[in-house]
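Working through the structure, step by step
Now for the letters of each chain:
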Amino acid sequence: MGLLDILLGRTKPVAPDLDQLFALPSAAVTLQVAAGFTPTGVGAVCFATVEGAAFEQTHREVQALLDADTDRTGPPVELTQDDYGYSWLVSRRTPDQLPQLVNDLHAVNSSMEANGFGPQLLCSLAAFENDRGRRLALVYLYKRGTFYPFAPLPGAAERRDSALELQVKAALVNDLRAEEDLGRWFPVWAAPGL
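Residues numbered from 1 in each chain as written. Predicted model: local features only at pLDDT ≥ 70, side-chain atom pairs only at ≥ 80, totals over all residues. Heavy atoms only, no water.

**Some details on empty space enclosed by the protein**
We count it as follows: Lining residues are those with an atom within 4 Å of a point, where the points come from a 1 Å grid over the protein atoms alone and group into cavities, where a 1.4 Å probe fits but cannot get out, or pockets, open sets with protein on both sides within 12 Å along at least five of seven lines. Grid points are joined across faces, edges and corners, and a volume is the space filled by probe spheres set on the points. For the purposes of this entry, the term helix denotes a DSSP run of H or I that reaches at least four residues, the term strand denotes a run of E that reaches at least two, and both are numbered from the N terminus. Under the grouping applied here, Gly and all other residues not named as nonpolar or charged are polar, the nonpolar ones being Ala, Val, Leu, Ile, Met, Phe, Trp, Tyr, Cys and Pro and the charged ones Asp, Glu, Lys and Arg.
Counting across every chain of the model gives one cavity of 30 Å³ or more. Approximately 60 Å³ is the volume found for the largest cavity. Along the walls of the largest cavity sit Leu-138, Phe-147, Tyr-148, Pro-149, Val-168, Lys-169, Leu-172, Leu-176 and Ala-178, which together make up its complete lining. Those elements that place two or more of their residues in the lining of the largest cavity are β6 (146-150) and α5 (162-171). Residue classes in the lining of the largest cavity are distributed as eight nonpolar, no polar and one charged.

Okay, structure coming up:
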């Protein structure tokens, strides 16, 4: 960063730190104790839609990598597109396999990054629910290296439970690197698993 950047208020972007994803299993324990939410076994990586042979090759590589997991049943990764035009690579595991799900998310992000698709990566999430069926996601912002909770209100058209989100953020302060800028707590309405 140069003097001109400092004078104009520009900041150096935070480098992605995919290893932050490995904090999710311990955060899940805290989340269960503090708010009663447990993993659903669904995780996803969101990215700006990419067309072409290079992405297809990367998707096949990710598929082959995750197919090699002998503990997995069913399709390892499904590619979906939401109503907003974003693509999601979705991994499904049993609820007790959060560490393996985190490995899947890390592998997908790493593969896309290694193949030149890092700029298209937006976020990753792990889905949780409580015993009343309320849904919550812990969202990792790829370009910021931080997490935030997203809690859509049940039955409501694109409304979120901000109080629950702030409660979860406070509960996980020692477990996850939280996104402090609430303006970056983007809603992920069409996210798989929510």
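**Focus on the pattern of salt bridges**
Here is the rule: Each reported salt bridge corresponds to a side-chain nitrogen of Lys or Arg within 4 Å of a carboxyl oxygen of Asp or Glu. Buried means the residue's accessible area, taken with a 1.4 Å probe over protein chains only, is under 20% of the maximum for its type, while exposed means over 50%, and partly exposed covers the values in between.
Tallying each qualifying case throughout the model produces nine salt bridges. Note that Arg-93 and Asp-104 form a salt bridge whose closest N and O atoms lie 2.9 Å from each other. Separated by eleven residues along the polypeptide, Arg-93 in the loop between β3 (86-92) and α4 (98-114) and Asp-104 in helix α4 bring together distant segments of the chain. The class for Arg-93 is buried, based on a relative accessible area of 9%. Here Glu-179 makes a salt bridge to Arg-144, at a shortest N to O gap of 2.9 Å. Taken together, the positions of Glu-179 in the segment after α5 and Arg-144 in the loop between β5 (135-141) and β6 put the pair 35 residues apart, joining distant regions of the chain.

**Remarks on the state of the cysteines**
Defined simply, a disulfide is a covalent bond joining two cysteines at their sulfur atoms. Quick reminder of the rule: Any cysteine sulfur atom paired with another within 2.5 Å is treated as part of a disulfide.
One pass over the full model with this rule turns up zero disulfides. In this structure Cys-46 is not part of a disulfide, and its nearest cysteine sulfur, from Cys-123, lies 4.6 Å away.

**Topic: the nonpolar core**
We count it as follows: Here the nonpolar core consists of buried residues drawn from Ala, Val, Leu, Ile, Met, Phe, Trp, Tyr and Cys, with membership extended through side-chain atoms lying within 4.5 Å. For this analysis, residues touch if any pair of their heavy atoms sits within 4.5 Å.
Counting 37 residues, the largest nonpolar core has Leu-21, Leu-24, Leu-31, Met-112, Phe-128, Leu-138 and Leu-176 as its most contacted members. Looking at this core, the elements with two or more residues in it are α2 (24-35), β1 (38-48), α3 (53-67), α4, β4 (121-129), β5 and α5. Broken down by element, the residue count for this core peaks at seven residues, all from α4. Excluding residues within four positions of it along the chain, Leu-138 makes contact with Leu-24, Leu-31, Ser-124, Leu-125, Ala-126, Phe-128, Tyr-148, Pro-149, Val-168, Leu-172 and Leu-176. Counting residues in hydrophobic clusters, the runner-up holds 16 residues, among them Ala-44, Trp-88, Ala-127 and Tyr-148.

**Details of α4**
Structural remark: α-helix, 3.6 residues per turn; residues separated by three or four positions point the same way. What counts here: To estimate how far a helix should extend, the number of its residues minus one is multiplied by 1.5 Å.
Between its terminal C-alpha atoms α4 stretches 24 Å, which fits the 24 Å expected from 17 residues at 1.5 Å a residue. All buried positions along α4 are accounted for by Leu-98, Leu-101, Val-102, Asp-104, Leu-105, His-106, Ala-107, Val-108, Asn-109, Ser-111 and Met-112. Residues of α4 that are buried make contact with α2, β1, α3, β3 and β4. Just downstream of α4 lies Gly-116, where phi reads positive at about 90 degrees.

This is a description of form; function is not addressed.
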